[in-house]
Amino acid sequence: MNLRLECDYIVKNAIRHVLPDSAVRRALDGVFFSDGRLLLVSVGKAAWNMAQSAYEVLGDKIDDGIVITKHGYSMGEIGKLRIYEAGHPVPDDDTFFATNEVLKLTDKLCENDTVIFLLSGGGSALFEKPFVSAEELQSITSQLLACGADIVEINTIRKRLSQVKGGRFALHCFPAKIFTIVLSDIIGDPLDMIASGPAYPDSSTCQDALRIIEKYNINISPDALDCLNSETPKKISNVITKVTGSVRELVLAASEACAELGYEPFILSDHIACQAREAGKILAQKVNENADSKKPLAFIIGGETVVHITGNGKGGRNQEIALSAAQYIAGIANTAVFSVGSDGTDGPTDAAGGYVDSTTADRLSKQGIDIATALSNNDAYNALKACDGLIFTGATGTNVNDVSVALLKNGG
């Protein structure tokens, strides 16, 4: 099997092991719901798959429900549930409409009612009713994404600008009980940060939010600043939460797939959070350090890197990881580096990530493409496209961060 086929095998098997289907069923097993209304709300990139699994378990016990997922991520009808698609990573009019429908569904609930709340990554953009104008929310979100702020920093701001984040959705549903099943896409599984914590007390402060605005010099209105200065709920009593799925499971699954192919796997980290290009350099460095190895080696990292946007090209963090590594593994035979997002998308592109090998830099050079220039313009997508280095999986139905792998086969 050649390196590209091995890449495809590892990606397929790693993602298969972190699909939410069985995890949702396990979370619901043996749970008793009271005699009141039973509503289902599923939000995030994995919302459709999570909702389908819950509906297969509970069926007609669910009185009503709404699913909000990313545009293109719905896979059809699910019983009586209403399915909406919305904008990601920046909320759009579809986001606001679908969120209002959820708020209407869960308005004026009683103590005996229960909301099954299925939450996955992407929920911060997909579930939103802002205190500020839609235009300002979109502007602030875009600024934070462009400057390379990490997901915790971004969600710290989002929570204070939102009527449903930072525990406010849980308060809206009170006195009804909320049974939350969370598919984690943030390192360490901080419940107040996953999808900006709609049903969980907030651990951050208004001072934290103001420091982030100052750190990245974000353009923000006086009204939005007033929102940042207001504290979010710190105590919530009507929520039970079960966390399922994590980047750790994704990394372990990738490691097992590498071992099945004959590689000795080394997990370098399951919580990397640096610049994407630095992650690519880390993997390439491991390849160079072990180039004389007599046995096949695989180096694996997981987490969520960030991209500082300095150009106007097309790409995502996983594509930048791969393209960055290409220049450092050039000429080391039988070597490849690849990186993918578990949800099947990487940045605002249709690719899940990127793949490079020891020949990539030379092949690009012969086409007049300079890797450093492509990276400075954040144009990894088009550079990888030119050398057949894009990885496509389509929407996977899960979302537990990213996995990146360097393969060194027989040490060249």
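All chains use their own residue numbering, which begins from 1 and follows the written sequence. For this predicted model, a pLDDT threshold of at least 70 governs which residues receive local features, and a threshold of 80 or more governs which side-chain atom pairs are given and counted, while totals over whole chains, interfaces and linings are taken from all residues. Excluded from the side-chain calculations are hydrogens and water; all other atoms, namely the structure's heavy atoms, are used.

Colleague: It is not clear to me how the overall build of the protein should be interpreted in this structure. Could you clarify?
Modeller: Tallying secondary structure elements over the protein gives 16 helices and 12 strands in all. In this description the radius of gyration comes from C-alpha coordinates, and the expected globular size is given by 2.2 Å times residues to the power 0.38. Against the compact-globule benchmark of 22 Å for 412 residues, the protein has a radius of gyration of 22 Å, which places it among compact chains. Expressed as lengths along the three principal axes of its C-alpha atoms, the size of the protein is roughly 65 × 50 × 30 Å. Relative to its full complement of 412 residues, the protein shows a buried share of 58%. For every accessible area listed, the method is Shrake-Rupley and the probe measures 1.4 Å; residues are considered covered only by the protein chains on display. Entry remark: accessible area of the protein is about 16,100 Å², with carbon and sulfur atoms responsible for 50%. Positive charges are assigned to Lys and Arg, negative charges to Asp and Glu, while His and the chain termini are left out of the count. Charge positions are represented by NZ for Lys, CZ for Arg, CG for Asp and CD for Glu. If the 37 positive side-chain charges of the protein are averaged to one point and the 51 negative ones to another, these points end up 2 Å apart. Put simply, DSSP H or I for four residues or longer makes a helix, DSSP E for two residues or longer makes a strand, and each gets a number counted from the N terminus. For the exposure calls, accessible area comes from a 1.4 Å probe over protein chains only, and a residue counts as buried if that area is under 20% of its type's maximum, exposed if over 50%, partly exposed in between.

Colleague: Help me understand the nonpolar core, please; the structure alone is not making it clear to me.
Modeller: For soluble globular proteins, nonpolar side chains are generally found buried alongside one another. We call a set of buried Ala, Val, Leu, Ile, Met, Phe, Trp, Tyr and Cys residues a nonpolar core when their side-chain atoms join them within 4.5 Å. Phe 338 and Leu 407 are the most contacted members of the largest nonpolar core, which totals 49 residues. Discounting residues that sit within four places of it in the chain, Phe 338 has contacts with Cys 7, Ile 10, Val 11, Gly 354, Tyr 355, Ile 391, Val 403, Ser 404, Val 405 and Leu 407. Counting 33 residues, the second largest nonpolar core, distinct from the first, contains Ile 272, Ile 321, Leu 323 and Cys 387. Whether two residues touch is decided by their heavy atoms; if any such pair falls within 4.5 Å, the residues are in contact.

Colleague: How should the state of the cysteines be read in this particular structure?
Modeller: Cysteine sulfur atoms that pair up within 2.5 Å are treated as a disulfide. In this structure the tally under the stated criterion is zero disulfides. Just so you know, Cys 206 is unpaired, no disulfide at all, and the nearest cysteine sulfur is the one on Cys 227, 12 Å from it.

Colleague: How should the side chain of Ser 124 be read in this particular structure?
Modeller: Mapped onto the elements of the fold, Ser 124 is located in helix H5 (residues 123–126). The class for Ser 124 is buried, based on a relative accessible area of 5%. Polar contacts, as used here, are pairs of N or O atoms within 3.5 Å; protein pairs need one atom able to donate a hydrogen and one able to accept it. Residues neighboring in sequence count only if both atoms are side-chain atoms. For Ser 124, the side chain forms a polar contact with the side chain of Asn 155, separated by 3.2 Å. A polar side-chain atom of Ser 124 sits 2.6 Å from a polar atom in the side chain of Ser 196. If we skip the residues at most four places from it in the chain, Ser 124 touches Asn 155, Arg 158, Lys 165, Ala 195 and Ser 196.

Colleague: What is the right way to read unusual backbone geometry from this model?
Modeller: It is generally the case that most residues other than glycine have a negative phi and that most peptide bonds are trans. The omega angle of the peptide bond from His 88 to Pro 89 is 10 degrees, so this bond is cis rather than trans. Mapped onto the fold, Pro 89 is located in the loop between strand E3 (82–86) and helix H4 (93–105). Of note, the bond from Phe 174 into Pro 175 is cis; its omega dihedral lies within 30 degrees of zero at 10 degrees. Structurally, Pro 175 can be placed in the loop between helix H8 (168–173) and strand E5 (177–183). Backbone geometry at Lys 108 places phi at a positive 55 degrees, although glycine is not the residue there. Here Lys 108 lies in the loop between H4 and strand E4 (114–120). Despite not being glycine, Asp 388 has its phi angle at roughly 55 degrees, a positive value. Examined against the element boundaries, Asp 388 turns out to sit in the loop between helix H16 (380–386) and strand E11 (390–391). Residue class for Asp 388 comes out exposed when judged on its relative accessible area of 61%.

Colleague: What exactly am I supposed to notice about the packing of aromatic side chains here?
Modeller: How two aromatic rings sit relative to each other is given by the distance of their centres and the angle of their planes. The criterion for an aromatic pair is that two Phe, Tyr or Trp rings (for Trp, the six-membered ring) have centres within 6.5 Å, with stacked assigned to planes under 30 degrees apart, edge-to-face to planes over 60 apart and tilted to the rest. Counted according to the given criterion, the structure contains six aromatic pairs. Taken together, a centroid distance of 5.8 Å and an interplanar angle of 85 degrees make the contact between Phe 33 and Phe 179 edge-to-face. Placement of the pair is Phe 33 in the loop between helix H2 (21–28) and strand E1 (38–43) and Phe 179 in strand E5, with a sequence separation of 146 residues. The two residues Phe 33 and Phe 179 agree in class, both being buried. With centroids separated by 5.0 Å and ring planes inclined at 50 degrees, the aromatic side chains of Phe 117 and Phe 169 adopt a geometry described as tilted.

Colleague: How should I be thinking about the side chain of Thr 244 in this particular structure?
Modeller: Relative to the elements of secondary structure, Thr 244 occurs in strand E6 (residues 239–244). Contacts of Thr 244, omitting those with residues within four sequence positions, involve Ala 23, Arg 26, Ile 181, Val 182, Leu 183 and Ser 184.

Colleague: How do you make sense of the sheet that holds strand E7 (residues 264–272) when you look at a structure like this?
Modeller: Sheet strands line up and pair through hydrogen bonds in the backbone, either parallel or antiparallel. We treat two strands as partners when DSSP finds at least two bridges between them. Spatially, six strands are ordered E7-E8-E12-E9-E10-E11 in an open sheet, and the strand pairing comes out mixed. Either end of the sheet is taken by a strand with one partner, and the two such strands are E7 and E11. Where strand E8 (residues 297–303) and strand E12 (residues 402–408) come together, seven bridges link them in antiparallel fashion. Note on E12: the bridge partner recorded for Gly 303 is Asp 402. Here helix H11 (residues 247–260) sits on the sheet and contacts E7, E8 and E12; the angle it forms with E7, its principal contact strand, is near 165 degrees. Only the contacting stretch of a helix is used when fitting its axis, a line to C-alpha atoms as for every element, and angles between N-to-C directions run 0 to 180 degrees.

Colleague: Please explain the environment of Val 337 as it appears in this structure.
Modeller: Tracing the sequence through the fold places Val 337 in strand E9 (residues 335–341). The spatial distance from the C-alpha of Val 337 to the C-alpha of Pro 20 is 27 Å, given a sequence separation of 317 residues. Each residue touching Val 337, except ones within four places of it in the same chain, is listed here: Leu 283, Ala 322, Ala 325, Ile 329, Gly 354, Tyr 355, Val 356, Val 405 and Ala 406.

Colleague: Help me understand the pairing of E4, please; the structure alone is not making it clear to me.
Modeller: In summary, the side chains of a regular strand alternate between the two faces of the sheet. Of all seven residues in E4, seven are buried, a share of seventy percent or more. Both faces of E4 are covered, namely the face carrying Thr 114, Ile 116, Leu 118 and Ser 120 and the face carrying Val 115, Phe 117 and Leu 119. Direction of pairing for E1 relative to E4: parallel, over a ladder of six bridges. Across the sheet, the residue bridging to Leu 39 is Val 115, located in E4.

Colleague: Explain a nonpolar patch on the surface to me, please; I cannot follow it from the model alone.
Modeller: A patch consists of residues exposed above 30% relative accessible area that lack any salt bridge, with like charges linked at up to 9 Å and nonpolar side chains (Val, Leu, Ile, Met, Phe, Trp, Tyr) linked at up to 5 Å. What counts as a salt bridge is simple: a side-chain nitrogen of Lys or Arg found within 4 Å of a carboxyl oxygen of Asp or Glu. Residues Phe 266, Leu 268 and Ile 282 make up a contiguous nonpolar surface patch of roughly 210 Å² in combined accessible area. Locating Leu 268 in the fold gives a position in strand E7.

Without other data, these values stay purely geometric and don't point to any function.
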